[in-house]
2 protein chains.
Amino acid sequence: MPLYLHDIPLDKAKAALKEALKNADLWRVLATEFIPLDENALGRVLSEPIWAKVSSPHYHASAMDGFAVRAKDTAGATLTAPLTLQIGEQAQYVDTGDPLPEEFNAVIMIEETEALDADGEITPAIREPKEIRIRAAVAPWKHVRPLGEDIVATQLVLPAGHILRPADLGAIAASGHIEIPVSRKPRVAILPTGTELVEIGSELKRGDILEYNSLVLAAQIKKWGGVATRFSITVDDFELISQRVAEAAQNHDLILLNAGSSAGAEDFSSSVVEKLGTLLVHGIAVRPGHPVIIGMLPKLPNGESLIPIIGMPGYPVSAALTGEIFVEELMARWTGRARFELDTIKATLTRKTTSPAGDDDYIRMAVGRVGERMLAAPLSRGAGVISSLVRADGLAVMPRGTQGAEAGDEVDIHLYRTRAELEKTIFCIGSHDMTLDLIAQFLSEKDRRLISSNVGSLGGLVALKRGEAHLAGSHLLDPETGIYNDSYIAKYLANQRVRQVLLVNREQGLLTLRGNPKNVKGLEDVASSGIQFVNRQRGAGTRVLLDYHLNLKGIATKQVLGYSNEEYTHLGVAAAVASGRVDCGLGISAAAQALDLDFLPLFHERYELIIPEIYFESELLAPLFEVIESKVFRDTVSEMPGYEFGEK
Amino acid sequence: MPLYLHDIPLDKAKAALKEALKNADLWRVLATEFIPLDENALGRVLSEPIWAKVSSPHYHASAMDGFAVRAKDTAGATLTAPLTLQIGEQAQYVDTGDPLPEEFNAVIMIEETEALDADGEITPAIREPKEIRIRAAVAPWKHVRPLGEDIVATQLVLPAGHILRPADLGAIAASGHIEIPVSRKPRVAILPTGTELVEIGSELKRGDILEYNSLVLAAQIKKWGGVATRFSITVDDFELISQRVAEAAQNHDLILLNAGSSAGAEDFSSSVVEKLGTLLVHGIAVRPGHPVIIGMLPKLPNGESLIPIIGMPGYPVSAALTGEIFVEELMARWTGRARFELDTIKATLTRKTTSPAGDDDYIRMAVGRVGERMLAAPLSRGAGVISSLVRADGLAVMPRGTQGAEAGDEVDIHLYRTRAELEKTIFCIGSHDMTLDLIAQFLSEKDRRLISSNVGSLGGLVALKRGEAHLAGSHLLDPETGIYNDSYIAKYLANQRVRQVLLVNREQGLLTLRGNPKNVKGLEDVASSGIQFVNRQRGAGTRVLLDYHLNLKGIATKQVLGYSNEEYTHLGVAAAVASGRVDCGLGISAAAQALDLDFLPLFHERYELIIPEIYFESELLAPLFEVIESKVFRDTVSEMPGYEFGEK
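Rules behind the numbers
Every chain is numbered independently, its residues counted from 1 as its sequence is written. As they are written, the chains are lettered A onward and the ligands numbered 1 onward, keeping that order. Predicted model: local features are reported for residues with pLDDT of at least 70 only, side-chain atom pairs are reported and counted for 80 or more only, and whole-chain, interface and lining totals are derived from all residues. Think of the side-chain values as coming from all heavy atoms in the structure, minus any hydrogens and water. Every helix listed is a DSSP run of H or I at least four residues long, and every strand listed is a run of E at least two residues long, numbered separately from the N terminus. Burial classes: relative accessible area under 20% of the type maximum marks a residue as buried, over 50% as exposed, and values in between as partly exposed (1.4 Å probe, protein chains only). We call two residues in contact whenever any of their non-hydrogen atoms come within 4.5 Å of each other. Surface exposure here means Shrake-Rupley accessible area, sampled with a 1.4 Å probe, where a residue is shielded only by the protein chains that are shown. Lys and Arg are tallied as positive, Asp and Glu as negative. Neither His nor the chain termini are counted. The atoms used to mark charge sites are NZ of Lys, CZ of Arg, CG of Asp and CD of Glu. Domain ranges listed in this record stem from an automatic or a database domain assignment. Contacts described as polar in this section are N or O atom pairs within 3.5 Å, which, within protein, must combine one atom able to donate a hydrogen with one able to accept it, while residues neighboring in sequence count only if both atoms come from side chains. The copies are overlaid by a least-squares fit using only the C-alpha atoms of residues whose pLDDT is at least 70 in both copies. Only when DSSP finds a minimum of two bridges between them are two strands counted as paired. We define buried area as the total accessible area lost by two parts upon association, computed with a 1.4 Å probe and summed across both. Salt-bridge detection follows one rule: a side-chain nitrogen of Lys or Arg within 4 Å of a carboxyl oxygen of Asp or Glu. The axes are straight lines fitted to the C-alpha atoms, using for helices just the contacting stretch, and the angles between their N-to-C directions are given from 0 to 180°. A pair of aromatic rings is counted whenever rings of Phe, Tyr or Trp (Trp by its six-membered ring) have centres within 6.5 Å, and the orientation is called stacked for planes under 30 degrees apart, edge-to-face for over 60 and tilted otherwise. By definition, being over a ring means that NZ of Lys or CZ of Arg is both within 6 Å of the ring centre and within 35 degrees of the ring normal. To estimate the expected span of a helix, count its residues, drop one, and scale the result by 1.5 Å. The arc under discussion is defined with respect to the helix axis, by the directions toward the C-beta atoms. Looking at any residue, its pLDDT shows the predictor's confidence there, from 0 to 100. Working rule for angles: under 35 degrees goes down as roughly parallel, over 145 as roughly antiparallel, 65 to 115 as roughly perpendicular, anything else as oblique.

Draft legend 1. Region of the structure containing the overall build of chain A. The helix and strand inventory of chain A stands at 19 helices and 38 strands. Each principal axis of the C-alpha distribution contributes one length, and for chain A these read about 115 × 75 × 45 Å. Here chain A holds 648 residues, and 57% of them are scored as buried. When contacts within chain A are restricted to residue pairs at least 6 apart in sequence, long-range pairs at least 24 apart make up 74% of them. For chain A, the exposed surface amounts to about 25,800 Å²; the carbon and sulfur share of it is 50%. Counting 65 positive and 85 negative side-chain charges, chain A places the centres of these two groups 5 Å from one another.

Set out below in structure tokens:
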């Protein structure tokens, strides 16, 4: 009877897989292979302990350049009462590393001797004196490296399961080995399936989905010590998929069957597993990643042993996290190493985060230190947003049985980065501008990371008030004074001393499709019937700008069709226009250029960085100002349409 | 005029190298190469930023399997007042990932619809119904992944200098790339020189030194992102070395010239550099590693550009640390990545550590948590002891101008291991027994690390008293009662509750050369003239045993020639005998077997593990008891001569 489970808890799913592997005698190191002792052994895992075959040094060796002596012959020598030793009888020259002649038991450093010639005169011909004069006694075994000082034959040099580092290779060599027993690399077949999938680099038509899950999974396998075979895409055809899986079952240790995201793809996977072997798990209560399938197939051609198969979800974040949760552990067991554990720190959550109580929920987080606090800001939850994994500094796990956490709660973050990297992270929260991407790029060359989170100008000031950012981009126009930012800062940051740094003056205007098919000529047209507009969110500087000019022109917001239709970035507005979903939106020229739109310039505005005094002078932010002042940055921005560097 | 510096401070040496590289226009990313976007890109460093060429998704995509609808058509639908939508006109089936048809702006999940046939009856044929019934309204853009949700064309995907991880490869693919601009791997020539050197695997004669520095350096280069060329050994011949260096200067970016440890080898290196180019630095005030040489050579064949050369010290620890200090930084600069920085923690020093005030001193440390404290115990300082680098959990740096630190001082440790690994470390300080190596091996399979430090039985009890170990191996005989350990524990650990666990009963006896050439038959012979003995250090259980039996036999310690000649382990005693330095010593049978000695059994003794109550029940130590109780451990020990498991 197959054990058939649906959306079971993660720990039960793991236990089911482990149990099946144990029953199949696959919960162990797969096999040993002997490899040459060279630099390619780096990162391989010892499958057997290394016991020393020889000692190192394998003889008593001089640790210095000097003269081997008998300690007792030196007794009594002092600065004022030197002793003279005959070369040959009482002393013998040795280089560092030379064997200590058997009749001697100590070495006097050459710097502490005077070489004498046959007449007893000091001679510079230090290597062939007749005798030497010494002015201090030496203790037995002084400046001698005794046999086995480093390694004694038969001792344990390294245990099985150890991941080889450079110095380890030296110690293995020193202990007399010329090859190393390591665990064979697990072989993993990765089969992407889905009729809608196209190979990387294809010309894209609507509905085509680039197949890169197999690339991410293959890189994970490589990172974790295995070797991946990437199969080409198989369309959604039960027989074809069955054939490919059967093929993969011949020469591999694990099959990852990656379902496309289309409906029924998951069912294809489970049906194939049921047809060819045993379905153990069908769906796991983990987010992202629900539709995970686990089964065991007979290993072809003879079917005497078994091979596990994991049906991976189609969404890229789900697939990658399923790799981290299931596949890394298998690679660890099969190579005999300990699991790669992420370093964990505590951080303060910047936003309330909800989570379904029935699932183990893995939430990607941006993490960094602002002032005294280590902060964690949740990133996009979308399972299709691979860039959220790229931007993630770590994961928070909201376990089954909890419904999330409140802003201000302390949560454990499993880090993708080192703590040192977190200390070099600059948090910029506020209005979005394309030049922030440029700054991020230039900062990366100066050992800093810029994380910019786009919540609009006002959101940025609020983040500064809460101590959740090092700086905020802002272009908030005061409708009464016509001055940017000042009055808002006075209102929202009354208790903080901040600096305002002009980043750029930039043009705002209307974005339309190429050729401006609806013939939008200005704000008046936006208010005319039939024109679908897309707005920015409340608190965005661009929205304040719109409101200001609508007001000047006496246009009511309700006259604007789509006024309540909100996007969070300039590029979001541009994408909405480019897709044909709306006819126009207010934004910056660079966004229009990015998505090949027309741009109708309307206003100039001042885009400033608002920086609390305490960070303005910090070592953390110093490289930011270097970038902003640099010629290469200013030249690059000047080439972007709609930007200029005005008076400060 | 060449800048010629001798034993200069580390920061000056680094500055000199950096300056020379800047002048030669070599302080930069060496070059870009384009590589295919596949899993072999893992770990490579981006030499240019990745800007998105396409958006992802590149169309508005359904995020669910269901029906695309116009949100306004669904207004008013409730549980009790459902609405019916016509397929085609008002709704259209979409799979996850399908493009949203242009006339629609939201998706209703299939689970939230009822499919109706032509007669208005509910039908299970869900993919081809005539109409659907819905019982809830949807908001615009519900269950839609808008164009650019993940990545918007033109945005920064990854900055230059980024080290590629699995998910990054997915994001690069999603943004429309098929190849990646990465920095070319620096090519490093490694030239071992020294007449006394022999290749790994050679049959060893006295005076031969295994050449494995080139192996360690090559593995470092690989780890840091370069490609190493290992030259074969060159004997100490000025012309030959010059030729090989000139050869290496043609096709590489860096030459590492590794001097043998013999006298004058260092001078060969500096002379070769002076002959072929410019010597910048000759000796650096850093420990271990003093004789580091830095220079610049003309890059052959045309000599239009330059190539740096670093003369590496001959001692293996010095060579490896010189790599970490100088070469890693070059690899970082040349590939454009940030430096690999070690995580740093604070730990309490267990022993006073002296350091020359003139040097930056890098001290290898064993690090782990005992109770509430993170402890750092200095390892061997010998520059020839590569096993100290293998055993090191981290480095403490005693900077120039300080003379070390006191026991109990808090020091910064730069970690070679993760913090999680440190939490799994069991510190065993005390008497040495060969079975501890075996336990270490078996423990490594159970996610624990055993670090055993051999300071003798009494030293172990003192370490427990100071809270510096989780357990101690002890075999201290009370001469008055004939009982092991109890009276010592009562005296030294009066305020602690400890458990005594019998590990083994073992034989102690006299170790002599094969054939027992001096015909030593018992303790009486040890006291006879002409027999050179080697003792264990004060506080060692073996020494107490010796004293006990000497006393029983009425032999005075001064009758034993070499009584004050101390070794710290059984293997140390065995090595002293094997080398012919002494005639015999008291030790365990396993040590005799290890170095192929004769063993004359004399006494049995009880070897116990002394474990404070608080650790006895801990999760940390649980696997230790599993090992000790395991059949495989007991079987393995039983096969070792001189061991038996007695009554507990």
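Draft legend 2. Structural context of the domain arrangement of chain A. Taken domain by domain, chain A comprises domain 1 (4-28 + 185-335), domain 2 (32-57 + 149-183), domain 3 (61-145), domain 4 (353-454) and domain 5 (464-644). The C-alpha-based centres of domain 2 of chain A and domain 3 of chain A are spaced at 38 Å.

Draft legend 3. Up close: helix H15 (residues 570-578) of chain A. All names here are of chain A. Of all 9 residues in H15, 8 are buried; the element is thus mostly enclosed. Within the span of H15, buried status applies to His 570, Leu 571, Gly 572, Val 573, Ala 574, Ala 575, Ala 576 and Val 577. Two or three places before Gly 572, at the start of H15, stands the capping residue Thr 569, its side-chain oxygen 2.8 Å from that residue's backbone nitrogen.

Draft legend 4. Highlighting the relation of the copies chain A and chain B. Of the transformation superimposing chain A on chain B, the axial component is 0.0 Å and the angular component is 180 degrees, with the fit at an RMSD of 0.1 Å. Taken together, the rotation and translation relating the two chain copies correspond to the operation of a two-fold axis. Taken as a fraction of all interface residues of chain A, those also at the interface in chain B reach 100%, which identifies the copy contact as same-surface.

Draft legend 5. Fine view of the pairing of strand E10 (residues 131-134) of chain A. Residue and element names in this part refer to chain A. As paired strands, strand E6 (residues 83-86) and E10 are joined by 4 bridges and run antiparallel to one another. Bridging from a neighbouring strand, Leu 85 pairs with Ile 132 of E10. Note: strand E9 (residues 113-116) against E10, 4 bridges, orientation antiparallel. Along E10, the bridge assignment pairs Glu 114 with Arg 133.

Draft legend 6. Structural detail: the pairing of strand E29 (residues 410-415) of chain A. Residue and element names in this part refer to chain A. Only one face of E29 is buried, namely the one carrying Val 411, Ile 413 and Leu 415, since none of Glu 410, Asp 412 and His 414 on the opposite face is buried. Strand direction decides the pairing type here: strand E23 (residues 344-349) and E29, joined by 5 bridges, are antiparallel. Bridging from a neighbouring strand, Thr 344 pairs with His 414 of E29.

Draft legend 7. The interface of chain A and chain B, seen in detail. Contacts between the two partners involve 101 residues from chain A and, on the opposite side, 101 residues from chain B. Regarding the contact of chain A and chain B, the summed buried area is about 8,100 Å², with carbon and sulfur atoms giving 64% of it. Of all residues in chain A, the largest losses of buried area upon contact with chain B belong to Glu 39, Arg 206 and Val 390 of chain A, amounting jointly to 8% of the total for that side. On the surface where chain A and chain B come into contact, there are 4 salt bridges. With its nearest N and O atoms 3.7 Å apart, the salt bridge here joins Glu 39 of chain B to Arg 230 of chain A. Counting every contact that joins chain A to chain B gives 22 residue pairs in polar contact (both at pLDDT 80 or more). Broken down by element, the residue count for the side of chain A that touches chain B peaks at 8 residues, all from helix H3 (residues 166-174) of chain A.

Draft legend 8. A look at the sheet that holds strand E5 (residues 66-69) of chain B. Residue and element names in this part refer to chain B. The strand order E7-E5-E8 describes an open sheet built from 3 strands, whose pairing is antiparallel. Lying at the two open borders of the sheet, with one neighbouring strand each, are strand E7 (91-94) and strand E8 (106-109). The average undirected angle you get between the axes of adjacent strands in this sheet is 35 degrees.

Draft legend 9. The arrangement of the packing of aromatic side chains in detail. Considering all chains together, one arrives at 8 aromatic pairs over all chains under this definition. When the centroid spacing of 4.9 Å and the interplanar angle of 50 degrees are considered together, the rings of Phe 616 of chain A and Phe 625 of chain A count as tilted. Phe 625 of chain A shares its class with Phe 616 of chain A; the two are buried. On the basis of an interplanar angle of 80 degrees and a centroid distance of 5.5 Å, the ring pair of Phe 67 of chain B and Tyr 93 of chain B is categorised as edge-to-face. Remark: Tyr 93 of chain B occurs in strand E7 and Phe 67 of chain B occurs in strand E5; sequence separation between them is 26 residues. One exposure class covers both Phe 67 of chain B and Tyr 93 of chain B, and it is buried. Through a chain of ring-to-ring contacts, three or more aromatic side chains come together here, namely Phe 442, Phe 633 and Phe 645 of chain A. Over the face of the ring belonging to Phe 616 of chain B we find Arg 499 of chain B, whose NZ or CZ atom lies 4.1 Å from the ring centre. The ring of Phe 645 of chain B carries the charged tip of Arg 634 of chain B above its face, separated from the ring centre by 4.1 Å.

Draft legend 10. Broad picture of the environment of Trp 224 of chain B. Residue and element names in this part refer to chain B. Tracing the sequence through the fold places Trp 224 in the loop between helix H3 (213-223) and strand E17 (227-230). For Trp 224, a relative accessible area of 5% corresponds to the buried category. For the pair Trp 224 and Ala 332, spaced 108 residues apart in sequence, the C-alpha to C-alpha distance is 7.4 Å. Those residues in contact with Trp 224 that lie beyond four places of it in its chain are Gly 323, Glu 324, Val 327, Glu 328, Met 331, Arg 337 and Phe 340.

Draft legend 11. Spatial organisation of helix H1 (residues 10-23) of chain B. Residues and elements named next belong to chain B. Compared with an ideal rise of 1.5 Å per residue, which puts 14 residues at 20 Å, H1 spans 20 Å between its outermost C-alpha atoms and is within 8% of the ideal. Those residues of H1 that fall on the buried side of the exposure criterion are Leu 10, Ala 13, Ala 16, Leu 17, Ala 20 and Leu 21. In a view along the axis of H1, the buried residues occupy a sector of 130 degrees, so they form one face of it. H1 presents Asp 11, Lys 12 and Asn 23 as exposed residues on the side facing more than 90 degrees away from its buried surface. Within two residues after H1, Asp 25 carries a phi angle of roughly 55 degrees, on the positive side.

Draft legend 12. Main features of the pattern of salt bridges. All names here are of chain B. Under the criterion given, the structure shown has 82 salt bridges over all chains. A salt bridge links Lys 424 to Asp 447; the nearest nitrogen and oxygen atoms lie 3.1 Å apart. Within this pair, whereas Lys 424 is found in the loop between helix H8 (419-422) and strand E30 (425-430), its partner Asp 447 is found in the loop between helix H9 (434-444) and strand E31 (449-454), the two being separated by 23 residues in sequence. Since its relative accessible area comes to 17%, Lys 424 is described here as buried. A salt bridge links Asp 583 to Lys 518; the nearest nitrogen and oxygen atoms lie 3.1 Å apart.

Draft legend 13. Quick peek at the side chain of Thr 234 of chain A. Residue and element names in this part refer to chain A. Along the chain, the position of Thr 234 falls in the loop between strand E17 (227-230) and helix H5 (238-251). Using a relative accessible area of 4% as the deciding quantity, one classes Thr 234 as buried. A distance of 3.2 Å separates a polar atom in the side chain of Thr 234 from a polar atom in the side chain of Arg 244. Once residues within four sequence positions are removed from consideration, Thr 234 is found in contact with Pro 192, Thr 193, Gly 194, Leu 240, Ile 241 and Arg 244.

Draft legend 14. Representation of the sheet that holds E6 of chain A. All names here are of chain A. Read from one edge to the other, the open sheet built from 3 strands follows the order E6-E10-E9, with strand pairing classed as antiparallel. Edge positions in the sheet fall to E6 and E9, since each of these pairs with one other strand and no more. Adjacent strand axes in the sheet meet at a mean angle of 30 degrees when their direction is disregarded.

Draft legend 15. Main features of the confidence of the model for chain A. Averaged over all residues, the pLDDT of chain A equals 91, while 97% of them reach at least 70. The ipTM value of the predicted complex is 0.91, and its pTM value is 0.91.

Draft legend 16. Representation of unusual backbone geometry within the structure. Between Ser 56 of chain A and Pro 57 of chain A the backbone carries a cis peptide bond, its omega angle lying at -10 degrees. By the element assignment, Pro 57 of chain A lies in the loop between strand E3 (50-51) and strand E4 (61-62). Pro 288 of chain B follows Arg 287 of chain B through a cis peptide bond whose omega is -10 degrees. Considering the arrangement of structural elements, one finds Pro 288 of chain B in the loop between strand E20 (286-287) and strand E21 (293-298). A positive phi angle is found at Asn 485 of chain A, which is not glycine, with a value near 75 degrees. Structurally, the position occupied by Asn 485 of chain A is in the loop between strand E32 (472-474) and helix H12 (486-492). Although it is not a glycine, Trp 141 of chain B adopts a positive phi angle of roughly 70 degrees. As for its placement among the helices and strands, Trp 141 of chain B is situated in the loop between strand E10 (131-134) and strand E11 (144-145). Judged by its relative accessible area of 23%, Trp 141 of chain B is partly exposed.

Draft legend 17. View of the environment of Lys 223 of chain B. Position of Lys 223 of chain B among the secondary structure elements: in helix H3. Residues contacting Lys 223 of chain B, with those up to four places away along its chain left out, are Leu 42 and Pro 166 of chain A together with Phe 340 of chain B.

Draft legend 18. Here's a closer look at the packing of helix H17 (residues 622-629) of chain B against helix H18 (residues 631-639) of chain B. Residue and element names in this part refer to chain B. Two elements in contact, H17 and H18, have axes whose closest approach is 5 Å; the angle formed by their N-to-C orientations is 55 degrees. Judged by the inter-axis angle, H17 sits oblique to H18. For the pair H17 and H18, contact is made by Val 627, Ile 628 and Glu 629 and by Lys 631, Phe 633 and Arg 634, respectively.

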